[in-house]
Amino acid sequence: MAEASTMDGKGGEETQRTSIPSGENTVWADVSPLLDAACRDLVDGELIHGDNFNLFSAMSALEIMDPKMDSGIVLKYYSVDEAIEDGAAPVPISLDKTTDAQCTIDIMDHLLSCEATWHKGHSLAQTVFSCLYLLRLDRTSSHALLHSYCRVIRATCKAVISVVSDARTHEEEDLFMMNYGLPLTGDGDDKCLSLLNAVEETISRQLRASRAPLSKRRVLEDIEPLQTNLDLEEGYCKALLCRLRFRKHFYHVLTCLRRTQGRGLELARKHIASCISELGSILSSSEFLSSNASGSHEYGIEDKTTASGCQPIGFDASLNSRLSAPTPPRSIKILSWRKAVEYFVKLLQDLDIICSYSLDPSLERVLHFVVQFQKSQPDLVARAHLQLLLVQDGKLYGRDSVFAVISRAAALPEATKNHDIQKNEFFVQLGQLVMNLLKILCTNSAWQRRKLGKVIHDWRVIYFQLEMLFRRECAVNLSLSNEENAFVKIFQHILIWVEEQTYWIASRFLIMGFELELYSPSEYCMVYWYLDLLLIKLAEKTHLKLSMTNGSVKKKGKKKKDSPKEVERDYRIPPAVLFLQCQMCIAEGLTMMIAALRKENMITQSWSPFTTEQERFIQHFELLQNTNILDQVSYLSFKEAENYASFSNLHLYNYFKEAQRIAKELRSSFPNDPEKLAELRRLEQVAEHNSVASNVVSRVGNNPDFSLKVYFEFNHHPFFATAVVKRS
């Protein structure tokens, strides 16, 4: 359908490939050589086409892209009944019991791979319910082993969908929630575990019989073996038992995690440990299964979806594409069996972290836990369970009211925690913002950052509304002193805390840009400059909140005169504020360092031809600028700060040395907090390496060495860069 010139292998004359005429008698040919040649010869902006295939035709053709949405389609069967009649899902699978056992294990393994692929965001119709046995579950009733396993699979899928639906995190992976009218429910699903337990007990007896010495086998002769080859009996029984037990314990994990107020967490941990143990046994069974496999093997270890390496019976991923209109028709790549096992191990470890959480009522510690938990990049199912644990019926853990949580976070006096002001509409809205923040932090990183950027405006608005309410209440209660007026105490604490949270959200918004790699090296300077300003405001509000807390505690005492040591202790900067100051020093040091390097042309700058630096400033900080979260901050003020930067000023203020000093000093403040100590060590390493790098560059002085180049890496900290100095 197109023309292309080729050369013969001996370097002779060019031979002309004739074009294929259009019309009813069109002849189709393999165009792979033509496409290979086009890939080598075409440059950006060029299009290869023939007389009967132009740009309009290309735009009207089938689109080949993400398999989740692709419209390509290849069908073998047009209905489930047609597939069953053709013998695609026989029951029993084989008249030979050994082969039947082998094939049943292959079906179990492939379903595990399908389930993991579904959890990763593909559709249920193309993964788990590509199994014909699940689509016609009643047909398997004569096969107790397969029937009980498929019932538990179906019940597990329903439980997972329920969790994700209730948590409303499925907007991230829309296909996850779509069930396309598949048979997810059935009579007797509530008894799926009792069926599984009965089958497990039968196979356990068969296993014991296979291990029994010859003297006792006569007693056990009434127990029918699993399959006919007695030499393989023990291996197949063990392989089946670990798979059945994993299913049983995993279903228990899901049900325990759904108990209200975290009542099932301890029991869930026991089942999680059992699940991980059974997964280890499943992995161990692969050697036995692969060595005794019969049938067609899959090629390539990485692509196997079964432990035996055999192609499973009873699956057709394309069948549902015709039965359900919204189903993406193109078949997808199922995760390999080993990767599926790895996925479930990771999922169970994440769920174990959730279950081990102490349900601390402190909002600050809750936020810290969620942020730390997200660093392990948990998948959708684990994050959905975390959200449902944190937010239940509009309460923290389903037991602590929002106002009580806010009261603790804002350090309100005990006497005000039952005040009627909590019924005020603005305080109700504030409580909704707190719960919404927890939900946002449980989403994936990209979704989370988008939501945080938008929710900053809501926190800023509620601050102004509360401030206006405070002024009205003060005008009404002028006759009462500040000491006697509970309204004044509440608003003083609440307003400071709302500002503190707003600056925390804003700084989190910027930091997540590093995690998502949204900033280019040429933009690091403006990002660290803005982050430094946010950390300054956050430190101010945190210090003010802690000072008010300490002041209220001190008033309760009845000391006549403070000793000099007590006065010194009162004026000591709290560790939480010092920690922020350490980050501020590093952020300001990096701002000055990068700006100075740019002046000396010692750092590679990659500017976009499509946007100016000011436009990129607006793109990164527009959501923050619109809320006026920082007064008198603009692109012009950033350029003024950048122009002020120089190596002499960097050396004069010695930001990195100060950060090192603070980090070392803070170690004694967190003796029982390994996470905080690890973070301090990371900050200290960043400060130390950047201090050395700035000294090396500063020595160049007025004799610039253009062979000396500086670039930045994130090898010590996830969002504070480390300078690397090298000669080009």
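To start, this report covers the structure provided alongside it. The shown structure was predicted, so the numbers you read here are calculated from the model rather than taken from an experiment. (Residues numbered from 1 in each chain as written. Predicted model: local features only at pLDDT ≥ 70, side-chain atom pairs only at ≥ 80, totals over all residues. Heavy atoms only, no water.)

## A short note on the overall build of the chain
Consideration 1: A count of helical and extended segments in the chain gives 28 helices and six strands.
Consideration 2: Out of the 728 residues in the chain, the part that is buried amounts to 49%.
Consideration 3: Partitioning the contacts of the chain with sequence separation of at least 6, the portion at a separation of at least 24 is 75%.
Consideration 4: Only carbon and sulfur atoms are counted for the fraction: they give 52% of the accessible area of the chain, which is about 37,000 Å². (Helix = DSSP H or I, 4+ residues; strand = E, 2+ residues; numbered from the N terminus. Buried < 20%, exposed > 50% of the residue type's maximum accessible area, 1.4 Å probe, protein only. Contact = heavy atoms within 4.5 Å. Areas by Shrake-Rupley, 256 points an atom, 1.4 Å probe, with all protein chains shown as cover.)

## Section: the side chain of glutamate 523
Consideration 1: Along the chain, glutamate 523 falls in the loop between helix H20 (486-515) and helix H21 (524-556).
Consideration 2: Leaving out residues up to four positions away in the same chain, glutamate 523 has contacts with Leu518, Arg616 and His620.

## Points about the pattern of salt bridges
Consideration 1: For the structure shown, the criterion picks out 32 salt bridges.
Consideration 2: Of the charged contacts, one joins lysine 248 and glutamate 200 as a salt bridge, the two residues approaching to 3.0 Å between their closest N and O atoms. Note that lysine 248 is positioned in helix H10 (residues 233-257) and glutamate 200 in helix H8 (residues 192-211), a separation of 48 residues in sequence. The pair formed by lysine 248 and glutamate 200 is uniform in burial state, with each residue classed as buried.
Consideration 3: Taken together, the shared-partner salt bridges connect Arg598, Glu613, Lys639 and Glu642 into one network. (Salt bridge = Lys/Arg side-chain N within 4 Å of Asp/Glu carboxyl O.)

## Notes on the packing of helix H17 (residues 402-409) against helix H18 (residues 425-441)
Consideration 1: At a minimum axis separation of 9 Å, H17 and H18 run at an interaxial angle of 80°. Between H17 and H18, the angle falls in the class roughly perpendicular. When H17 is examined against H18, the residues Val402, Phe403 and Ile406 are found in contact with a partner set consisting of Phe427, Leu430, Gly431, Val434 and Met435.
Consideration 2: Counted by class, the contact of H17 with H18 contains seven nonpolar, one polar and no charged residues. (Axes fitted to C-alpha atoms, helices over the stretch in contact; angles between N-to-C directions. Parallel < 35°, antiparallel > 145°, perpendicular 65-115°, else oblique. Nonpolar A, V, L, I, M, F, W, Y, C, P; charged D, E, K, R; others polar.)

## Points about unusual backbone geometry
Consideration 1: For the bond running from valine 91 to proline 92, omega is -5°, close enough to zero to count as cis.
Consideration 2: If you trace the backbone, proline 92 turns up in the loop between helix H3 (80-85) and helix H4 (97-119).
Consideration 3: At tyrosine 397, a residue that is not glycine, the phi angle is positive and equals roughly 60°.
Consideration 4: Tracing the sequence through the fold places tyrosine 397 in the loop between strand E4 (395-396) and H17.
Consideration 5: One non-glycine residue, asparagine 628, lies in the positive phi region at around 55°.

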